[in-house]
Amino acid sequence: MQKKLSFSSRLKSFTFALAGIKDFWKSEPNARLHLIAAILAVIASFALHISRTEWLFVLLAITLVFAAEMFNTALETLCDKISPEIHPLIKKTKDLAAGGVLVTAAFAFITGMIIFLPKIIALF
Ligand SMILES: Nc1ncnc2c1ncn2[C@@H]1O[C@H](COP(=O)(O)OP(=O)(O)OP(=O)(O)O)[C@@H](O)[C@H]1O
């Protein structure tokens, strides 16, 4: 059956997505850690007067880490529901999802080093 494409159904989906973001902030300690890191990155970006292109990379890094962490949380939640008992495939799923977050965090770290380090060194 074809789904109806109406403004109210889109608005409802948007509301559910916002509820997901709210739940992420409320229940995930990692979300708060990432938020602190993101705030520090934005403060450093303003303080060090980074270029427009550099801003795009900083914002990309922040967005990637948040999105990966949210997908990771979603997968962990699903795993815990479908298999609360120990299972090698659940381990593989959770470890892959955590690995995905680590890859984005590494990108954010390297981006930060490339953009901020030379500007910080130039201050001294
Ligand atoms: N049901 C399970 N079966 C097999 N291994 C599991 C299972 N649950 C967790 N594990 C293993 O233990 C690790 C830690 O699991 P946990 O659910 O505590 O994730 P975490 O990475 O500590 O979560 P968080 O992101 O909330 O800190 C997983 O990465 C996985 O290797």
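Residues numbered from 1 in each chain as written. Predicted model: local features only at pLDDT ≥ 70, side-chain atom pairs only at ≥ 80, totals over all residues. Heavy atoms only, no water.

As recorded in an unreviewed UniProt entry, the protein chain goes by Diacylglycerol kinase and comes from Taibaiella soli. Quoted verbatim from the Sequence similarities (unreviewed entry) field of the UniProt record, the comment on the protein chain reads "Belongs to the bacterial diacylglycerol kinase family." (UniProt positions renumbered as here; feature names shortened; annotations may be inferred.)

Engineer: Looking at this model, I keep getting lost on helix α2 (residues 29–47). Mind explaining?
Structural biologist: An α-helix turns once every 3.6 residues. As a result, residues three or four positions apart point the same way. Relative to the 27 Å expected for 19 residues at 1.5 Å per residue, α2 spans 27 Å between its end C-alpha atoms, a close match to the ideal helical length. Listing the buried residues of α2 in full gives Ala31, His34, Ala38, Ala41 and Ser45. Take α2 and look down its axis: the buried residues cluster within an arc of 85°, on one side only. In α2, those exposed residues whose orientation departs by more than 90 degrees from the buried face are Pro29, Leu33, Leu40, Ile43 and Ala47. One or two steps after α2, the chain reaches His49, where phi turns positive at roughly 50°. (Helix = DSSP H or I, 4+ residues; strand = E, 2+ residues; numbered from the N terminus. Expected span 1.5 Å × (residues − 1). Buried < 20%, exposed > 50% of the residue type's maximum accessible area, 1.4 Å probe, protein only. Arc of directions from axis to C-beta.)

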